[in-house]
Amino acid sequence: MKPAELSVVLTGASGGIGSALAALLAEAGARVLLVGRRGERLARLAESLGADARRQRVQALAADITTAAGRTAIREIATVRGCNALINNAALPSFGPFADADAGHIEAVLQTNLVAPIQLTLALLPQLRTQPAARVLNIGSATGRLGVPGFAVYGAGKFGLRGFSETLRRELADTTVRVQYLGPRATRTGFNDERADRFNDRTRKAVDAPEIVAKAALKLLLSGKAEKFLGFPESIAVRVNGLAPSLLDRAFAPHRAALQPGAAAAEIQPPTTESQHV
Ligand SMILES: NC(=O)c1ccc[n+]([C@@H]2O[C@H](COP(=O)([O-])OP(=O)(O)OC[C@H]3O[C@@H](n4cnc5c(N)ncnc54)[C@H](OP(=O)(O)O)[C@@H]3O)[C@@H](O)[C@H]2O)c1
């Protein structure tokens, strides 16, 4: 597909990766429906992308993807706009020792990060299937294929989203709809709180700019390929983990140490060659 042929529904457009991707899509000539709960923020983004000048090429819609009413509103406008691509990008963060997790938070994270994208895909599928070429791009995470201590709930949602993507990709292989999964590594947005940032520092994780993820998302969307994991060594680690997960189990001692309260970089053993893989 070419960028100018795209009519995209982009959830989480008001966020760090979402706004970078919205800008890239609009710049490339795609039509974009920006979705998020914070209407004012979306309206400002649409304005900054020249919504008026682009004559509805960029449109904002305040909607909560976890509600049926929100998904219905998205479907109705997406149909009018002739949508041929859904990017499930909205998500909530979740980081910390699992033993400290709160039941309501677990529910909210899995509803937002897994159930809502599945439901929204179902709602938009009839529209997508009318198109000569269409995409469902699910924004996952490296932790959707590589279990990392501290991300039990978040990883469960992203592993689920990857399973959904792979299964639906195979189920729809004879149709015009391509289902895709992008797995970014840590990215510099407001998603990660101070605690998660400290954890990334302590485990010496590289952190990408949101523009890098946006570029990779657009490239994947246009290519129609199944999935892409970003960054080295993360992209290798997810593959090794897929083949022989127990080989990597010992590499996570620094992550467990970094999860302890009061852990500091200096207290953590430098990563071994093995642990540098993650
Ligand atoms: N940042 C990272 O380190 C990182 C790494 C790997 C993968 N990812 C993934 O990349 C994607 C984007 O993350 P980000 O870093 O850009 O996060 P972000 O800046 O926090 O943005 C999250 C977006 O999700 C929207 N959202 C949350 N709940 C929603 C709901 N119920 N209905 C509609 N919109 C909702 C938020 O908008 P409102 O608050 O306005 O609703 C916001 O636009 C996520 O899928 C995330 O899991 C992020």
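Here the structure is a predicted model, which is why all the values come from computation and not from measurement.

A.B. asks: Go over the overall build of the protein chain, please, and point to the residues and values.
C.D. replies: Secondary structure assignment for the protein chain yields 10 helices and seven strands. On C-alpha atoms alone, the protein chain measures out to a radius of gyration of 19 Å, which is about the 19 Å that the 2.2 N^0.38 rule sets for 278 residues. Once the C-alpha set of the protein chain is aligned to its principal axes, its extents read approximately 55 × 40 × 35 Å. Classification of the 278 residues of the protein chain by burial places 49% in the buried group. Here the contacts in the protein chain between residues at least 6 apart in sequence split such that 73% fall between residues at least 24 apart. With an accessible surface of roughly 13,100 Å², the protein chain has 55% of that area assigned to carbon and sulfur atoms. Charged side chains in the protein chain number 34 positive and 24 negative. The centres of these two groups are separated by 6 Å.

A.B. asks: So, the side chain of T112: which residues are in play, and what are the values?
C.D. replies: One can find T112 in helix α4 (residues 103-129). Classification of T112 by relative accessible area gives buried; the value is 12%. At 2.8 Å, the side chain of T112 forms a polar contact with the backbone oxygen of A108. If we skip the residues at most four places from it in the chain, T112 touches I65, T66, A90, A91, L92 and P117.

A.B. asks: Which residues make up the sheet that holds strand β7 (residues 227-229), and what values go with them?
C.D. replies: Here we have seven strands laid out as an open sheet, ordered β3-β2-β1-β4-β5-β6-β7, and parallel in their pairing. The open sheet has two edge strands, β3 (58-62) and β7, and neither has a second partner. The sheet shows a mean angle of 15° between the axes of neighbouring strands, direction not considered. Sheet topology note: the strand β4 (residues 85-88)/strand β5 (residues 134-139) ladder contains four bridges and is parallel. Considered in β5, the bridge of N88 is made with N138.

A.B. asks: Can you break down a positive patch on the surface residue by residue, with the values?
C.D. replies: A surface patch of like charges, here positive, comprises R37, R38, R41 and R44. With respect to the secondary-structure elements, R38 resides in the loop between β2 (31-36) and α2 (39-48). Owing to a relative accessible area of 46%, R38 belongs among the partly exposed residues under this scheme.

A.B. asks: Any details on the site of the ligand? Residues and values, ideally.
C.D. replies: Near the ligand there are 29 residues, and of these S14, R37, R38, Y154 and T189 occur at the shortest range. D64 places a side-chain nitrogen or oxygen 2.8 Å from a nitrogen atom of the ligand. N89 places a polar main-chain atom, nitrogen or oxygen, 2.8 Å from an oxygen atom of the ligand. In isolation the ligand exposes 890 Å². Once the protein is present, 94% of that is buried. Listed by contribution, the elements that provide at least two residues to the shell around the ligand are α1 (16-28) and α5 (152-171). Residues of the shell around the ligand, tallied by class, amount to 11 nonpolar, 13 polar and five charged.

A.B. asks: Describe the pattern of salt bridges, listing the residues and the values that go with them.
C.D. replies: In total, this model carries seven salt bridges according to the counting rule given. A salt bridge links R145 to E227; the nearest nitrogen and oxygen atoms lie 3.4 Å apart. On the criterion of sequence distance, the pair formed by R145 in the loop between β5 and α5 and E227 in strand β7 is long-range, its members being 82 residues apart. Its relative accessible area of 18% is what places R145 among the buried residues. In this structure, the salt-bridge partner of E166 is R170, at a minimum N-O distance of 3.3 Å. Linking E166 with R170, this pair stays in helix α5, spanning four residues, or about one helical turn. Among the ionic contacts, a cluster of salt bridges with common partners joins R145, R162, E166, R170 and E227.

A.B. asks: Can you lay out the pairing of strand β6 (residues 177-183) for me, pointing to particular residues and giving the numbers?
C.D. replies: Along any regular strand the residues' side chains alternate between the sheet's two faces. Most of β6 is tucked away, with six of its seven residues classed as buried. Both β5 and β6 contribute to a ladder of six bridges, which runs parallel. Bridging across to β6, I139 finds its partner in L182. Between the parallel elements β5 and β6, the chain passes through α5 in a crossover that is right-handed. Alignment of β6 against β7, held across three bridges, turns out to be parallel. Its bridge partner lying in β7, G183 is registered against F229.

A.B. asks: Would you mind going over the environment of L6 in detail, with residue names and values included?
C.D. replies: Turning to its location among the elements, L6 is positioned in the segment before β1 (7-11). Taking C-alpha positions, L6 is 9.5 Å from L221, a pair spaced 215 residues apart along the chain.

Criteria and cut-off values
- Residues numbered from 1 in each chain as written.
- Predicted model: local features only at pLDDT ≥ 70, side-chain atom pairs only at ≥ 80, totals over all residues.
- Heavy atoms only, no water.
- Helix = DSSP H or I, 4+ residues; strand = E, 2+ residues; numbered from the N terminus.
- Rg over C-alpha atoms; globule rule 2.2 N^0.38 Å.
- Buried < 20%, exposed > 50% of the residue type's maximum accessible area, 1.4 Å probe, protein only.
- Contact = heavy atoms within 4.5 Å.
- Areas by Shrake-Rupley, 256 points an atom, 1.4 Å probe, with all protein chains shown as cover.
- Lys, Arg positive; Asp, Glu negative; His and termini not counted.
- Charge placed at Lys NZ, Arg CZ, Asp CG, Glu CD.
- Polar contact = N/O pair within 3.5 Å; in protein donor to acceptor, adjacent residues only side chain to side chain.
- Pairing = 2+ DSSP bridges.
- Axes fitted to C-alpha atoms, helices over the stretch in contact; angles between N-to-C directions.
- Patch = residues over 30% accessible without salt bridge, like charges linked within 9 Å, V, L, I, M, F, W, Y side chains within 5 Å.
- Salt bridge = Lys/Arg side-chain N within 4 Å of Asp/Glu carboxyl O.
- Near = heavy atom within 4 Å.
- Nonpolar A, V, L, I, M, F, W, Y, C, P; charged D, E, K, R; others polar.
- Right-handed = clockwise from strand over helix to strand, strands pointing away.

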